Amino acid sequence: MVQSHGNNDEYFHSEAKVYSLRSNCWRRIKDVCFYHKFSREFGFLANNALHWMVFRTPESRNKELVGFDLGSEEFRFLELPDGCLDKVLRFHIKAMGGDICLTSTYRETNDIVVDVWIMKEYGVKQSWFKLISWKEPYFMPCSIVAIPLAFSKDGDEVLFFIGYKWFNWGRWIDSFVWYDLGSQVVEDVVIRGIPSSFDVSLYVDSLVPLNSNAQQ
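The structure contained in this document is the topic of the report that follows. Computed from a predicted model, the values in this text were never measured in an experiment.

**Description of the overall build of the protein**
And then number 1: The number of helices and strands found in the protein is 0 helices and 15 strands.
And then number 2: Across the 216 residues in the protein, those meeting the buried criterion constitute 38%.
And then number 3: Taking contacts inside the protein between residues at least 6 apart in sequence as the whole, the part at least 24 apart equals 36%.
And then number 4: For the protein, the computed accessible surface area is about 13500 Å², with 50% contributed by carbon and sulfur atoms.

Below, the structure is given as structure tokens:
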């Protein structure tokens, strides 16, 4: 996707192209119906669609979720839970367990709260439900990044990455924790030898070779 803006949004140009491994070439598809506005984010995959948080118009201040169906090659907006971003300090959206997962971090009185929402039926706003509402003020300064990564094998726990971005002055160390969905008990995950500050990316095995002879 390529977008360009003039000064004060006096003009706007947008186009989208898809690269095919089968034909080894790019082809233009229907133009996008939204604005990235200085954002260069990798899309996340869920339900055979790539997703981004975008702006619907140049004047918009609130981001919305859009999906690109890899089969039909169509863009569509997906509605978020009501009020989930109203008082947010930061949010993160990704796929977890095959479903879209929205994490909202905000301040409530003297607490920092992390809410985790799951969309159980793709594209249906009413299917959003709040999986976790977690208050942990004793180790969550305002700059905390709390991102759910995966469910445990039995589905009873969620693995979180806890990052103290812009707040790592020696006292706070990035880490992993297990959150028990039943008891709401948090357990540290000890990994020896990792640095005090790091980022996390999920890796998924694939047997598809990235070359021009591969089948799409």
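**Let's talk about the environment of methionine 1**
And then number 1: Along the polypeptide, methionine 1 turns up in the segment before strand E1 (2-5).
And then number 2: Accessibility expressed as a relative area gives 41% for methionine 1, which makes it partly exposed.
And then number 3: Along the backbone, methionine 1 and alanine 16 are 15 residues apart, and their C-alpha atoms lie at a distance of 4.4 Å.
And then number 4: If we skip the residues at most four places from it in the chain, methionine 1 touches Glu15, Ala16, Val32, Phe34, His36, Trp52 and Phe75.

**A few points about the pattern of salt bridges**
And then number 1: For the coordinates displayed, the defined rule picks out 10 salt bridges.
And then number 2: Put simply, aspartate 31 and arginine 28 hold a salt bridge, and the shortest N to O gap is 3.1 Å.
And then number 3: When its relative accessible area of 46% is taken as the criterion, arginine 28 is described as partly exposed.
And then number 4: Each of Glu15, Lys17, Arg28 and Asp31 takes part in a single network of salt bridges with overlapping partners.

**Structural notes on the pairing of strand E7 (residues 75-78)**
And then number 1: With 4 bridges connecting them, strand E6 (residues 64-69) and E7 associate as antiparallel partners. Considered in E7, the bridge of valine 66 is made with phenylalanine 77.
And then number 2: Hairpin connection from E6 to E7: 5 residues lie between these consecutive antiparallel strands, with glutamate 73 at a positive phi of about 60 degrees.

**Quick word on the sheet that holds strand E8 (residues 88-96)**
And then number 1: Pairing in this open sheet of 4 strands is antiparallel, and the strands run E8-E9-E10-E11 from one edge to the other. This sheet does not close on itself; its edge strands, each paired only once, are E8 and strand E11 (128-135). Shown here is a sheet whose adjacent strand axes are inclined to one another by a mean of 20 degrees, direction ignored.
And then number 2: Across 8 bridges, E8 lies against strand E9 (residues 99-108) in antiparallel orientation. Of the residues in E9, the one forming a bridge with isoleucine 93 is leucine 102.

**Considerations on the side chain of lysine 94**
And then number 1: Considering the arrangement of structural elements, one finds lysine 94 in strand E8.
And then number 2: For lysine 94, the side chain forms a polar contact with the main-chain oxygen of proline 148, separated by 3.4 Å.
And then number 3: A distance of 3.5 Å separates the side chain of lysine 94 from the backbone oxygen of leucine 149, its partner in a polar contact.
And then number 4: Ignoring any residue separated from it by four or fewer positions in sequence, one finds lysine 94 in contact with Phe44, Asp99, Ile100, Cys101, Ile147, Pro148, Leu149 and Leu202.

The rules we used
Residues numbered from 1 in each chain as written. Predicted model: local features only at pLDDT ≥ 70, side-chain atom pairs only at ≥ 80, totals over all residues. Heavy atoms only, no water. Helix = DSSP H or I, 4+ residues; strand = E, 2+ residues; numbered from the N terminus. Buried < 20%, exposed > 50% of the residue type's maximum accessible area, 1.4 Å probe, protein only. Contact = heavy atoms within 4.5 Å. Areas by Shrake-Rupley, 256 points an atom, 1.4 Å probe, with all protein chains shown as cover. Salt bridge = Lys/Arg side-chain N within 4 Å of Asp/Glu carboxyl O. Pairing = 2+ DSSP bridges. Axes fitted to C-alpha atoms, helices over the stretch in contact; angles between N-to-C directions. Polar contact = N/O pair within 3.5 Å; in protein donor to acceptor, adjacent residues only side chain to side chain.

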